[in-house]
Structures are given as C-alpha cells and as structure tokens.
Amino acid sequence: MLAPERRSRADLVVAAGIAVAVVVALTVVWFRSDARGTTSVTAAEPPPALVTALTVPETLSPIWDSASSATSAPLVVAGAVVTADGGDVVGRDRMSGTELWRYERDLDLCGVTASWEKVVAVYRDDRGCSQATELDGGTGERLAQRSSDADSEVTLKADGTYVASLGDRRLELWRSDLVRTVEYGRVDAPVNPRKQPRSGCTLIDVGSSSSRLSVLERCPGEVADRLTVMNPSPKDNQEPEEYGSSVLAGVDAGVEGARILGVSGETTAVYLPAGPSYGPRIGLFDGTGNAVSEYALTARVGPDPVTSTGSSAVTWWTGSDVVSLGASDLVPRWIFPGALGPGAVMAGNLLVPVESGIAVLDLSTGALLRTIPVARDAAAGPILTTVAGDVVLEQRGDAVVALR
C-alpha cells in the first residue's frame, strides 16, 4: 500500500505562485481585451417584419427623435431603426423609438452603415478607423468582426453586396462576413510593394456593384482626377485587378470636385464639374472605365452633394436640386428644384424634403403631386430620408426624427 503523498512548504509556495501568475495573466488579458470596454444587450426576438405602405399619408407629425451623429442617413435594418452616437449603436422600435437592443464600446464610432440585414459599425483606435463589428439588425447579436490598418477618418458605403470603407489614402472592400476582398491605396509593410498599381494618390470617392468597384483618385503629376474600375473580388485581396484606369477626359486642368453618383452593373455615373472650357455634366462610363455618354447639367451643384440609391430609383441631391437617374442605366431622367435632400420612395412616389415640408413627386416624371406640411427647426440640407413601413425617417444633422 502506497503512503499518501505529502507536499512540502516549498511545493505549496510554488503552487501558490503559479496560481497568482495565472490570475495576473488573466487580469492583464481582460484589461487589454475589447470585451472589457464593451456592453452588449440583445433583443429576445427581432421586431415584426415591415409592411410596405400602399399609400402616402396626408399628414406627418414627429413621433420620436434620437441623437445619431455616426450615421449619414436613417438606417432601417431587419425591422428596427438603428441609431448611433458616441460609441453606442442602438436598435429601436420604429413606432416609439424604444430601445430593442444596444451595443456600446468605450471607443468612438467612425461610422455605421447597413447591409445584408445587418449593421456594420466601425470604431476608431490607435490604428485609425480599424475595428469593424457586424451586428444582427433585428436582435443586436454580435456576428463577424475584423481589425486592420485604416485611415483616421473613413466613409462607409454599401451596395447590397459589398461594404466599402474609404479613407483619403486607403480603401477596403468587405463581403457579408467582413472578409476583405480588396485592399487599395496605402499599404503598411506590404508583403509585395509592387501589388498596388499607384502610390501617393488621394482617394476621393468610391462606388460599387456586385461586378464593379469604381474609385476616383487624384494622383501626383496628373492634371485631373482619375477613374479606376476594378474587380470587387479579385483572386488576391492585396492585389487589385483593374479593368481600366484613366484620367477623366473633358475636365480642365486643375478643376476638382468630381464625384461618383452611382454604379449599376458595369456602368459608373460620374459628376464632371464645370471648368473654363466646359459646363457641369454627368458622364457615364462602361465596365472598363471608358466614357460612353455625357449629359449637360442645368442644376446648381454645391460642395457636398449626396446620392441616395434604392431598388427603384437613384436620386442625387446637388445641394439645391434633385436629379433622378435610371436605376439600371443611370441615365438622367428629370430635375426637381428647391430640395433639401435626395428623398426616398414610398408607395411608388418619391418623398423629397423641402423648406415647407415633404414634396410628393411622381417617380417617373418628377411632377409635384402635393406637399405634406412638416415643421423643422432648421431648413438647411442635407436632410436624408428613409421609409420604414408607414413611418418616414429624416436624418437632420446629428439626429434622426421619425414622422407618422
């Protein structure tokens, strides 16, 4: 029979030391982890699915509002209205504004967008706007996450297939699981520095579809902005696959202000600013970046135009007017003056914010059908509109206002 094992004082001291070391290590990991500064409160079940409105209401009044400085337009995702401010992303009941779920971090948001019935929130750390989190739009459940090098300020754009994160020196394109499909522009410590086609360029704007990624950039030594059209899903995400790239023709030397208005299929629409030799135009480019057609603009264009893209309409707010583009071919259809934003489709009509309220336009012709009176504290645009069933949402500066 074996005698029971006895531990010496030295053994107990060593064991205690190991236990303390483990506790210290776990504490250090906790203090350095993202989880320490994160609070996630999910909904037990998603909200009811939205029912499409069949008519435009005769009247609209505010029913709730919320701060939302990290969104550029109201977000409606899986039946919830999503607002974002500071480090908080909140899913709300569309009728009452009551919180359904909440995700918050002790980091500042760079921006929030929606795609694939999910919310994509990007936070800033010491690497820039580098930490992206994907949330279920209905419940707020945390899904995919990614972290990579990024610029300190980014613009997020979603096309339904991809989400683009655009800084002035670096661009990333993500698919629905937040896996990067394209890395473009500045690359820190590149494995192969020759994989990027150009260096030192300033990225201006981006647009994408399921088959094309279009980028406007200004490169050293070039007289005008350059349009580059790429594969949004190349074999190597660190090696862009260009279909075509050229300096915009017909733009006078030194003239800036070109913007991508939309990408549909293989077609890219670009605003071409006026110069000494030309007036303002909309140019259409094919899948290799070659100019196909141009349309002269009579609308006034301000410094911060905004595009709204839906399944049945692409509308561009120039800063004073709304220009309607064909959803499939991006050809300009009509212009409506005196607008405060690009508007949104409801019951087959376009609702456009104006100083006196919301103009109801015929979607095919732009004809004014009537105006719904809406009082606002400030009448300056842009005001971005989204429709959630029979609720109309407006992004007014850093706040979202719900109307019904």
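Figured I'd write up the structure that's included with this text. In this text, all values refer to a predicted model and were calculated from it rather than measured experimentally.

1. A few points about the nonpolar core
Soluble globular proteins tend to bury their nonpolar side chains together. In terms of nonpolar packing, the biggest core is built from 16 residues, with Val82, Val89, Trp101, Leu109, Val112 and Val119 touching the most fellow members. Val322, Val352, Leu361 and Leu384 belong to the second-largest nonpolar core, a separate cluster that totals 14 residues.

2. A few points about the sheet that holds strand 3 (residues 75–77)
Read across the sheet, 5 strands follow the order 1-6-5-4-3 without closing on themselves; strand pairing throughout is antiparallel. Taken across any chain shown, the strands that pair with only one partner, and hence form the sheet edges, are strand 1 (38–41) and strand 3. This sheet shows a mean twist of 20° between the axes of neighbouring strands, independent of strand direction. Two strands pair when backbone bridges link them, and strand 4 (residues 80–85) and strand 5 (residues 88–92) are joined in this way by 5 bridges, in the antiparallel orientation. Bridge pairing links Thr83 to Val90 in strand 5.

3. Brief notes about the state of the cysteines
A full pass over the atoms with the stated rule returns 2 disulfides. The residue that forms a disulfide with Cys110 is Cys129, at a sulfur-sulfur distance of 2.0 Å. Taking the torsion about the S-S bond as the criterion, the Cys110 to Cys129 disulfide, at about -90°, is left-handed. Here the residue Cys110 occupies a position in strand 7 (residues 109–115), and Cys129 occupies one in strand 9 (residues 128–136), the gap between them amounting to 19 residues. Of the two residues, Cys110 and Cys129, neither departs from the other in class, the shared state being buried. The disulfide partner of Cys201 is Cys219, and the gap between their sulfur atoms is 2.1 Å.

4. Observations concerning empty space enclosed by the protein
Tallied over the full model, the rule gives 1 cavity of 30 Å³ or more. Around the largest cavity sit Cys129, Ser130, Ser148, Asp149, Ala150, Val154, Ser165, Gly167, Arg170, Glu172 and Trp174, which together line it. Counting residues per element, the ones that place at least two in the lining of the largest cavity are strand 9 and strand 13 (170–174). Sorting elements by how many residues they give to the lining of the largest cavity places strand 13 first, with 3 residues.

How each quantity is defined
Position labels on residues start from 1 in each chain and follow its written sequence. Two thresholds apply to this predicted model, a pLDDT of at least 70 for residue-level local features and 80 or more for giving and counting side-chain atom pairs, whereas whole-chain, interface and lining totals are computed over all residues. Side-chain numbers here rest on the full set of heavy atoms in the structure, without hydrogens or water. Nonpolar cores are built from buried Ala, Val, Leu, Ile, Met, Phe, Trp, Tyr and Cys residues. Side-chain atoms within 4.5 Å join them into one set. In this scheme, a residue with accessible area under 20% of its type's maximum is buried, one over 50% is exposed, and one in between is partly exposed, where area comes from a 1.4 Å probe on protein chains only. Strands pair, by our definition, only if DSSP identifies at least two bridges between them. Only DSSP runs of H or I with at least four residues qualify as helices, and only runs of E with at least two residues qualify as strands; both kinds are numbered from the N terminus onward. With axes taken as lines fitted to C-alpha atoms, and helix axes fitted only over the stretch in contact, angles between N-to-C directions fall between 0 and 180 degrees. Two cysteine sulfur atoms make up a disulfide if the distance between them is within 2.5 Å. The definitions used throughout rest on a 1 Å grid laid over the protein atoms alone, on which a cavity is an enclosed set of points accommodating a 1.4 Å probe that cannot get out and a pocket is an open set flanked by protein within 12 Å on both sides along at least five of seven lines; lining residues are those having an atom within 4 Å of a point. Grid points are joined across faces, edges and corners, and a volume is the space filled by probe spheres set on the points.

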